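Below are the chains, spelled out letter by letter.
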Amino acid sequence: MNRTDVLIAIAEVARSGGASQPEDAIAQLAAIINGLELSGSGSDRVMEMLLRIGACLWNLQQERMRL
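Residues numbered from 1 in each chain as written. Predicted model: local features only at pLDDT ≥ 70, side-chain atom pairs only at ≥ 80, totals over all residues. Heavy atoms only, no water.

Caption draft 1: Molecular detail of the environment of Glu23. Within the secondary structure, Glu23 is located in helix H2 (residues 22-35). For Glu23, a relative accessible area of 34% gives the class partly exposed. For Glu23 and Leu60, which are 37 residues apart along the polypeptide, the C-alpha to C-alpha distance reads 8.9 Å. For Glu23, the residues in contact, after removing those within four places along its chain, are Gln61 and Arg64. (Helix = DSSP H or I, 4+ residues; strand = E, 2+ residues; numbered from the N terminus. Buried < 20%, exposed > 50% of the residue type's maximum accessible area, 1.4 Å probe, protein only. Contact = heavy atoms within 4.5 Å.)

Caption draft 2: Spatial organisation of helix H1 (residues 3-15). For H1, built from 13 residues, the straight-helix expectation of 18 Å at 1.5 Å per residue is met to within 8% by its first-to-last C-alpha distance of 18 Å. Residue Asn2 occupies the N-cap position of H1, its side-chain oxygen lying 3.0 Å from the main-chain nitrogen of Thr4. Downstream of H1 by a residue or two, Gly17 has a phi angle that is positive, lying close to 85°. (Expected span 1.5 Å × (residues − 1). Polar contact = N/O pair within 3.5 Å; in protein donor to acceptor, adjacent residues only side chain to side chain.)

Caption draft 3: View of a nonpolar patch on the surface. Taken together, the side chains of Met1, Val6, Leu7 and Ile10 present a nonpolar region at the surface, about 430 Å² in accessible area. Turning to its location among the elements, Val6 is positioned in helix H1. (Patch = residues over 30% accessible without salt bridge, like charges linked within 9 Å, V, L, I, M, F, W, Y side chains within 5 Å. Areas by Shrake-Rupley, 256 points an atom, 1.4 Å probe, with all protein chains shown as cover. Salt bridge = Lys/Arg side-chain N within 4 Å of Asp/Glu carboxyl O.)

Caption draft 4: Expanded view of the pattern of salt bridges. Summed over all chains, the structure comprises two salt bridges. Here Arg64 and Glu23 are joined by a salt bridge, their closest N and O atoms 3.1 Å apart. Of the two residues, Arg64 is situated in helix H3 (residues 43-66) and Glu23 in helix H2; the sequence distance between them amounts to 41 residues. Given the relative accessible area of 42%, Arg64 is considered partly exposed.

Set out below in structure tokens:
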């Protein structure tokens, strides 16, 4: 999938009600990171990107809890 296809797929999942709750998304992302073999070139960049996504989800979860 190219980037446009991925963005369209994400939007379709969200529109259909299939989005995970932030706390579930954090757990899913942690499982993905745990299962990755990040020993090649660029692995630091991939890990940084995934952790930033996780931080975004974490912030969303914390915001939901304050409401």
